Amino acid sequence: MKAGAWCAVAMASVALLIGCGGGDGKGQDALSAPDRSELAGPVCTSCQPGVVTGLAASGAPLAGALVRLVDANGQQVQGLTDAQGGFNLPIGGLQGPVIVQVIGEAGGQAMVLHSVVRGNEVGKRFIQVTPLTELITARALGGMPADLLLQGRVNTQRLSASALADAERQVEALVRPVLDLAGVGAVDLRLSPFSADGTGLDRALDLIALSPQGQGHRLRALWQAPEDALSIVAGAADPGRTLPTANASTAQAVASALDSAPADIRARFDALQALLTTALPSDSALEPFLSADFLHAGLDRSTHIQRVLLRNDPAHRGGYSLVGARFDQVRVLRVHSADRIWVSWRVTPRAPFEAHDEAMWLSREGGTWRLQGDGQAARLRVRHALSLLARPMGEAEVLGLPGAACPGSASNGPCRIAGGQAGLPLGGHLDLGTPASAGGDDHFGRLALFRSQASTAEERLQAHIAHSRLLATPSTAVQAHLLFEIDARQSAPLARRAVVTGPGLPTGGVTLLRPPTVAGLPEFDHWALAQASDTDTASEDWHGVPDGWCADREASACATDWALVGLGSSYRVELFDAQDQSLGQAQAALPMRPAPAGSSVSASDARFGRWQMSSANTSPLTLNWLLGSSVASGDALFMRAPWSPPAAPGVRPVRLDLAWHRAGFPPTFGEEVHREVVPTSDATSSPWDINVPARSGWRSTWLVLRLTSTDRHGNRYIHAISPGNPH
Amino acid sequence: MAFAATIAIACTWAACPTQAQTQPVAASPPLAEQGSGETVVLPEVTVRAQATPSSDTKAEAAAGPTSTLSGTALRARVDATLGATLQDQLGVANASFGPNVGLPVIRGQSGARTRALLGGMGTHDASTLSADHSVMIEPGLAERITVLRGPSAVRFGGGAIGGAVEIEDGRIPQQLARQLQSRAEVRTGSDGHLGLVRLSGPLGEVPPEAASAWTWRADVHGRRQRDTRIPGDAIDEAAVASQFGLVPARNSHGTLPNTDSQSSGGAIGLSRIGEAGLVGLAASTFQTDHGIPPGAHSHSEPVPAGVPAVGSGDLRIQARQHRLSALARLHTPWASLPTLEVNAVHTRYTHDEVEGGRVFTTFEQRVSELRAEWSHRLMGASSGKLGAQVQDRYLAATGLEAFVPPTDLRSAGLFGTWRFEAAPWQLDLGARVEHQQTHPGAATLLGLPRELPSRRFTPSSLSAELARHYELGEAKGSLTLTHWRVARAPDIPELYAGGPHHATRTFDIGNTGLDGEVLRGWDLGWTHQAGRLDAKANAYRYRSPNHIYQRSLGWFYESEEGNAQAACARLDHCLPATKYEQAPATLHGFEAELGWQVLPKEGLRAAIFADAVRGRLNDGADLPRMPPRRWGLALTGKQGAWQGEWRLTRAEAQRRPGENETPTAAYLRVDANLRWQTRLQDGQRVALFAIVRNLTDQTIRNSTSFLRNYAPEPGRTLQVGLEARL
């Protein structure tokens, strides 16, 4: 080949390669670096490499609160805050920006707060977790942090240093009047170290109230009414909006309310506590603590004293009273004037009763602070609950049982197994119930009841005992509920019916009925969900509404829709008397729901405390044990119910419930339910020895045991068991 | 075709030509007229010089963006650094780092965008890595320096998209020496001393009729600089305070401490030169030991709590380079492919950064480079080259300032240049494609291990230069329009840096996601000569869609604690963090000179000149460390044995210093030199010269310098010297 040809080839190659120019296309930067805003804020001198250090506070420290660090992959590290709300958690293998979630209580208020720590801030910056960081985090994430974490939809890409800095600036602008009032100048609301000492930034946190609501928050200054609160949609811009500036008189009232009132109120509570130290005092001793115009949860002063302050439950109902109770964690939540403030505090009865928060107006009369009440018609609390129940047998499986047949068609129950088949005696049939596809009844898939055609009642009972069986599998299904707790004691005395409305509920709301009264005491602690057969009082001690629930199966658009339910969802209950006249209302907000969503909670979830009946060496809880000879011999209930507390950290048992159903024999109309309640705690997990005396001529018909546990939000975890399969 | 063929000129000394680039070689006066009127009959010496279309030819035949400095003009400008030597060239500035480091900035572009070439091959020092690393050459040895402002990447590759500086030191003899020849120079002055000796000659007896022979060459050189004298304070405290929020506790007045230096080196070369071509080899060594001004580059120093300190001030850079060069040139019998030339070089470069007698950081670089070029006259081209180039580079830094991981870089390129001539038109075309692979070692950033990916790039470049020569009566000139689209692969620090870079007082963070950088340039050049007037002007505009730059991250690296902090607590420990990123950028500027032969017979010429460059990212941010606008007046004259120059340069304030940078003030600088030279009776030439720089002792803070707030340019400096060619 001639040299010229070689050159032509070479030039062609050059031209070809030029046309192809480029690179390997690998545009990933392996040297990501922090941005300035990531390093904003004072250097944390007490921090250690690889450890997230911070403080959780909301006017008061969130002491003993659960701290969770969650990264983009859902990996978690957990720990607890100390008595001052401080925390130090090793970051471990978490990657990228990490959400800090703190679940606890401050000033008697249960709360969940969030913040963000970026990778480069770990060990170098002090991380605040406050209502303001909650706003910053929500703004940066573009949604409610608690909900996003629950749903696994946290997009940490949004948590760039600049996005966080922007969010911080916007929130700072929002609360600047409050910061000014607290004397806080330039500050990084996420990274500036502070102490929960009532000064500076901590003072500013005292001056605001933040509550979650739907897809955002409501934020107000302490001197604002709740209806004047700023509604902040997570992630939406709020140009120009700020909390109001306090005028001189308001500022003075606020200063008085924050500086002197809490100490005075604590002194009053100390005096009340002293009165309750060893025994319940007289009415007259308690009256000075309440204002003459006291109205709280539907109760006037004297009724409140009788039903609440002097409550004294019998032993088999738990034995609750305020003797030995402690009142603390006083926090001012609203300032109407220097002499009228809204205060929350914590009520801690003696062990093992569960502590709860209380909030109401206090007024200063003649220099003395007195309780004035909240003016509402009832005490309402809304909770999430997860129930560990028996899993019903599926329709196909029931219909597949040997000999199972449904007269007419499979979809037109009731279904049965005729006697003489499947080991059943002649002269009767096993009633399988009506499948849901044919209208259904409650025991289909759960119980198969043998209907004997024997001539005597005793023979029929014996056949029933011998051949009835439980179709459901105990402790295998988890169902999520919303619990609407209307305190049976703290509700307008004349009220008979209550309708709860709010997000996710049917348009007509959910109706609850007052529980019947037995020996002057409400039979259940809370109003109960109205059953179809109920008239003016409730028959079942249950106030939970599952997703998709419908009070009236025939009604359209009645189903609940949990997709509309979120942290801070507000529910309103209206109470009616026997003449359907409204007696007033009460409101409550929903705390954070348990994670994960109810349908994906495993039956082995460690948050459930559990009955351990299978491990009991006496009295196995079976149908034939319950209905059979052991009970027949004495008509009394003796059983040992061993249980174990929840294994999950932060979840503790609160009560054990027994509902023992019995009826007269031979069968007559009517049934009674004997109820026992045992308040409990972690320390009392010894087996529950149940000893219920016999009632002559009455026999057992059913039994339910419930073990209720709670987490820091007040969410309930309920393990409910009934007699199991005798075979 | 001015220089496509071998030319023969009768010279009285071996090295020729010595004229400045503005004096075309073809127009050289007869040698007998150049001296002092003496007529000396000398043996005729035939010199074969191979023209290179990309430098000599274009520079002198057209108004393309290339210029050459040589001869007495070069001698008068030789300074301690390459940047200082070239800083009076239009479009060229000096990125100084104290008086001992000066890198050329070509039209605002420096670092990895420019290349320093020695004998056409890279210098392969660490000067593109860091602003405090000098170019490993002794400017005094340069015989010719060509500044390639345009598409030099086409021929030289290696990322020279912003231009190149080609230094010819003649260490591989390319001219047949028939007798011993020497050149010696000594100069001394207020700043220090320089001495160099160069010898060359035949190896053995060379008969006049010999077709080929061995020629050797050897040189040694040494330079010693004192601490630099400055007219005022070393540190511009106001500027430092505005940049760091802290006022330095220590400052110096009158001198820049720790700026003394010494360097030395030598080379030996041997070539076999004949009709068929030549084969040559040269081995050289160069070492330098220089200090870095205080406040510039400090590793750590105990300072009382709360007292901002400037730095220890005793950091030294001790660099060594050994270089082995080879050249083979073969004249072929083919008319269309007349010459094949192969250049190869292998260098080993090491430098230690020493403070208090302890070595804190060691940089090591080993490079092998080979370029083969085949001259051609294909496809109607009057001349051209086809070439291939390969390079293997290993870079490692160990120690405190190991801000780049050990990295292997391999590249290979193919290129071609073509010249087409059809008087009065001339068209030059160039094309290049290159492939580069980088393979980094393990790295950490802020204490966290990082997995660095290998990268591959295939940048390609094209250039076209169209020149039109014209004559209008007695006036003549040319117009040249040059367009190029050149690309480079990101350099190692741009990809993989990740650590404190004390030299630039920055904490550098690379970006392994960078794409290749493309530059599209337009240059319009004009030269004109009419009677006693001559003019030269170039205007240019560069656009890059993906300019690689260091974005300031706005935080500081605390060198003592080894972590990142938002605020600077101690000045000597704070390194502003930067991240290599890409953004569209535009540069535009001009260079112009108008000359007037005031007294043609006396050689007195007056010229006014100006240059300016403006660079900014398309988001409006200014590119940092851009040269200021300059204008000035230069007077040159020659009378008999005397030759002199007086030059006044006014630099305007640089008020667009870039993000997180500080502006610099305007200054007026006066330089002058005077040279007397004569020839001895046997043809030897002796010259005495005096050079004074910054005559008015101005405080000059150089906007292209990283250290402008710590180390002003030298004050008034006087040098006197003797040069002899025997």
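So, how was this worked out
Residues numbered from 1 in each chain as written. Chains lettered and ligands numbered in written order. Predicted model: local features only at pLDDT ≥ 70, side-chain atom pairs only at ≥ 80, totals over all residues. Heavy atoms only, no water. Helix = DSSP H or I, 4+ residues; strand = E, 2+ residues; numbered from the N terminus. Buried < 20%, exposed > 50% of the residue type's maximum accessible area, 1.4 Å probe, protein only. Contact = heavy atoms within 4.5 Å. Areas by Shrake-Rupley, 256 points an atom, 1.4 Å probe, with all protein chains shown as cover. Disulfide = S-S within 2.5 Å. Core = buried A, V, L, I, M, F, W, Y, C linked by side-chain atoms within 4.5 Å. Salt bridge = Lys/Arg side-chain N within 4 Å of Asp/Glu carboxyl O. Polar contact = N/O pair within 3.5 Å; in protein donor to acceptor, adjacent residues only side chain to side chain. Pairing = 2+ DSSP bridges.

Trainee: Hey, could you run me through the overall build of chain B in this one?
Mentor: The secondary structure content of chain B amounts to seven helices and 37 strands. In chain B, which comprises 726 residues, the proportion classed as buried is 60%. Put simply, of all contacts in chain B between residues at least 6 apart along the chain, 69% involve residues at least 24 apart. Total accessible area on chain B is roughly 27000 Å²; 58% of this is exposed by carbon and sulfur atoms.

Trainee: Looking at this model, I keep getting lost on the state of the cysteines. Mind explaining?
Mentor: Working definition: the covalent bond between the sulfur atoms of two cysteines is a disulfide. All names here are of chain A. Tallied over the entire structure, the rule returns one disulfide over all chains. Two residues, C406 and C415, share a disulfide whose sulfurs are 1.9 Å apart. Measuring the twist about the S-S bond at about 95 degrees, one finds the C406-C415 disulfide to be right-handed. What makes C415 buried here is its relative accessible area of 1%.

Trainee: What am I meant to see in the nonpolar core here?
Mentor: Side chains of a nonpolar character, in soluble globular proteins, are inclined to be buried together. Membership of the largest hydrophobic core comes to 74 residues, with the highest contact counts inside it found for L189, I265, I341 and W345 of chain A. Considering every element that reaches this core, the biggest residue donor is helix α4 (residues 161-181) of chain A, with seven residues.

Trainee: Help me out: how do you make sense of the pattern of salt bridges in this one?
Mentor: Side chains carrying opposite charge are able to pair once their charged atoms draw close together. Residue and element names in this part refer to chain B. Per the stated rule, a full pass over the model turns up 68 salt bridges over all chains. Across the pair R115 and E369 runs a salt bridge, and its minimum N-O distance is 3.6 Å. Of this pair, R115 sits in strand β4 (residues 114-118) while E369 is found in strand β17 (residues 358-375), placing the two residues 254 residues apart along the sequence. No difference in accessibility class separates R115 from E369, as the two residues are buried. Note that D611 and R630 form a salt bridge whose closest N and O atoms lie 2.7 Å from each other. With D611 in strand β32 (residues 604-617) and R630 in strand β33 (residues 630-639), this residue pair connects regions lying 19 residues apart in the sequence.

Trainee: Would you explain the environment of D313 of chain A in this entry?
Mentor: All names here are of chain A. In this structure, D313 sits in the loop between α9 (301-309) and β14 (326-337). Judged by relative accessible area, which is 7%, D313 ranks as buried. The spatial distance from the C-alpha of D313 to the C-alpha of L521 is 8.3 Å, given a sequence separation of 208 residues. Those residues within four positions of D313 in sequence are excluded, and the remaining contacts are G319, Y320 and R489. A polar atom in the side chain of D313 sits 2.7 Å from the side chain of R311. A polar contact of 3.2 Å, which involves the side chain of D313, links it to the side chain of R489.

Trainee: Just to check I follow, could you spell out the sheet that holds strand β25 (residues 495-501) of chain A for this structure?
Mentor: Across a sheet, strands are paired by hydrogen bonds formed along the backbone, either parallel or antiparallel in direction. All names here are of chain A. The strand order β29-β26-β25-β31-β32 describes an open sheet built from five strands, whose pairing is antiparallel. Edge positions in the sheet fall to β29 (528-529) and β32 (582-589), since each of these pairs with one other strand and no more. Strand direction decides the pairing type here: β25 and strand β26 (residues 510-513), joined by four bridges, are antiparallel. Residue pairing for β26: A498 is matched across the bridge by L512.

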